[in-house]
Amino acid sequence: MSRMVTIGAAQVGPIARNDSRQAVVARLVALMEQAAKRGCDLVVFPELTLTTFFPRWFMTDQDEIDQFFEREMPSPATRPLFDAARRLGLGFYLGYAELEQADGKTHRYNTTVLVDKSGAIVGKYRKIHLPGHAEHEPWRAFQHLEKRYFEVGNLGFRVWRAFGGHVGMCICNDRRWPETYRVMGLQDVELVLIGYNTPYHNPPAPSHDRLANFHNHLVMQSGAYQNATWVVGVAKAGREEGCDLIGESCIIAPTGEIVTQARTLDDELIVARCDLDEAKSYKATTFNFGLHRQPQAYRMIVDRMGAEPPRG
Ligand code: CDT
């Protein structure tokens, strides 16, 4: 048996601070058109795809900050993506900064939506693992203020029936945490979609810089294999406003192997025909969760947040 989904990982090159939404959306539609020509069912864009990665700057003027956020999805500026989905019969995953008014309060999230081939939103995820810091740290070469500009996502790690399979979403730093994949694995996930913006340079730990690409693949390949799922990781890449972001967007099989990988640091579409049934032999044997997991031994994972050394 096979259940084929043709997936495009649409890596996006740098976006300047003053690039308009319209200019960015036009680039994304061009990638969608390429994806349709190559037979894709689904195209995956990066995290915060519509603007430059603004958490690199400390800002105090809320109006200035809110210019990077979307108040509605779709909006007049982003509707061409939804129109293209319908016209081309092509779904997409899109990351953006979301501003929501709820219970008389304003909330801001680092969000993705999953849109089906009819242009309807079928799933929404709000980033849970927010890296970086909340206060200005001028000693850094650049800031990473996700903890300042976003709230922790409140929608959990859900999995949706879509594209003929079970599809989950997460965002960037989430991919480094095994819990992310396992919570989706426990919902029989078959395809995990991940957008990212990852600088090569990590100011608090510059000795890690040379390993940025290795760690990117390491975590996603492990997540794929250990949960018997396809994983699609998509970068916003290249030198963006003086900050170098890694590329190496890739599509990973449930074997843990990279099937295809981007070779540039610019707008680049890579495509793979993914058989969702390829996970079956892993789900039935080595990673048959129902047969082999021992959740009574995992209590500490939910009871304890930070590591504590053994007593005594
Ligand atoms: N966007 C995002 O989550 N980036 C982080 C940068 C590392 S911060 C130490 C990431 O995990 O790739």
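Enquirer: Explain helix 5 (residues 178-185) to me, please; I cannot follow it from the model alone.
Expert: Every α-helix winds through 3.6 residues per turn, so residues three or four apart in the chain are directed the same way. All of the buried residues in helix 5 are Thr-180, Tyr-181, Met-184 and Gly-185. Around the axis of helix 5, the buried residues are gathered within 130° of arc, so they sit on the same side. Packed against the buried residues of helix 5 are strand 6 (159-162), strand 7 (165-171), strand 8 (191-196), helix 6 (212-227), strand 9 (230-235) and helix 8 (289-292).

Enquirer: Would you mind going over the packing of aromatic side chains with me for this structure?
Expert: Both the distance between ring centres and the angle between the ring planes are used here to describe each pair of aromatic rings. Per the counting criterion, the structure on display carries 10 aromatic pairs. An angle of 85° between the planes, with centres 4.9 Å apart, marks the rings of Tyr-225 and Phe-287 as edge-to-face. Here Phe-287 lies in the loop between helix 7 (280-284) and helix 8 and Tyr-225 lies in helix 6, a separation of 62 residues in the sequence. The buried category is assigned to Phe-287, whose relative accessible area is 17%. Taken together, the ring pairs connect Phe-54, Phe-68, Phe-69, Tyr-149 and Phe-150 into an aromatic cluster. Over the face of the ring belonging to Trp-57 we find Arg-17, whose NZ or CZ atom lies 4.3 Å from the ring centre. Here Arg-293 stacks its cationic end above the ring of Phe-289, 5.8 Å away from the centre of that ring.

Enquirer: Just checking my understanding: could you explain the sheet that holds strand 12 (residues 250-252) for this structure?
Expert: Working definition: the strands of a sheet are paired by backbone hydrogen bonds and lie parallel or antiparallel to each other. Strand order across the open sheet formed by six strands is 6-7-8-9-12-13, with mixed pairing between neighbours. The two strands at the open ends of the sheet, each matched to only one other strand, are strand 6 and strand 13 (258-261). When the angles between neighbouring strand axes are averaged without regard to direction, this sheet yields 20°. In this sheet, strand 9 lies alongside strand 8 in parallel orientation, the contact comprising six bridges. Across the sheet, Leu-193 pairs through a bridge with Val-232, a residue of strand 9. Each of strand 8, strand 9, strand 12 and strand 13 touches helix 6; the most contacted strand, strand 12, lies at about 30° to it.

Enquirer: For this particular structure, what's the right way to read helix 1 (residues 21-37)?
Expert: Helix length check: helix 1 (17 residues) gives 24 Å between terminal C-alpha atoms against 24 Å at 1.5 Å per residue, within 8%. Along helix 1, the residues classified as buried are Arg-21, Val-24, Val-25, Leu-28, Val-29, Leu-31, Met-32 and Ala-35. An end-on view of helix 1 places all buried positions within 160° of arc, on one side of the element. Exposed positions of helix 1 whose direction lies more than 90 degrees from the buried face are Gln-22 and Lys-37. Where the residues of helix 1 are buried, they touch strand 1 (4-11), strand 2 (42-44), helix 3 (79-88), strand 3 (91-102) and strand 14 (268-275). Immediately downstream of helix 1, the backbone of Gly-39 shows phi near 80°, a positive value.

Enquirer: I would appreciate a short explanation of the site of the ligand in the present structure.
Expert: Contacts to the ligand come from 13 residues, most closely from Lys-127, Cys-172, Asn-173, Arg-176 and Thr-198. Residue Glu-47 places a side-chain N or O atom 2.9 Å away from a nitrogen atom belonging to the ligand. Contact distances for the ligand include 2.8 Å between an oxygen atom and a side-chain N or O atom of Lys-127. For the ligand, whose accessible area on its own is 350 Å², the fraction buried by protein is 86%. With respect to the detected pockets, the ligand is housed in the second largest pocket.

Reading the values: rules and limits
Residues numbered from 1 in each chain as written. Predicted model: local features only at pLDDT ≥ 70, side-chain atom pairs only at ≥ 80, totals over all residues. Heavy atoms only, no water. Buried < 20%, exposed > 50% of the residue type's maximum accessible area, 1.4 Å probe, protein only. Helix = DSSP H or I, 4+ residues; strand = E, 2+ residues; numbered from the N terminus. Arc of directions from axis to C-beta. Contact = heavy atoms within 4.5 Å. Phe/Tyr/Trp six-rings, centres within 6.5 Å; stacked < 30°, edge-to-face > 60°. Lys NZ or Arg CZ within 6 Å of the ring centre and 35° of its normal. Pairing = 2+ DSSP bridges. Axes fitted to C-alpha atoms, helices over the stretch in contact; angles between N-to-C directions. Expected span 1.5 Å × (residues − 1). Near = heavy atom within 4 Å. Polar contact = N/O pair within 3.5 Å; in protein donor to acceptor, adjacent residues only side chain to side chain. Areas by Shrake-Rupley, 256 points an atom, 1.4 Å probe, with all protein chains shown as cover. 1 Å grid on protein atoms, 1.4 Å probe; cavity = no way out; pocket = protein on both sides within 12 Å on 5 of 7 lines; lining within 4 Å. Sits in = over half its atoms within 2 Å of the grid points.

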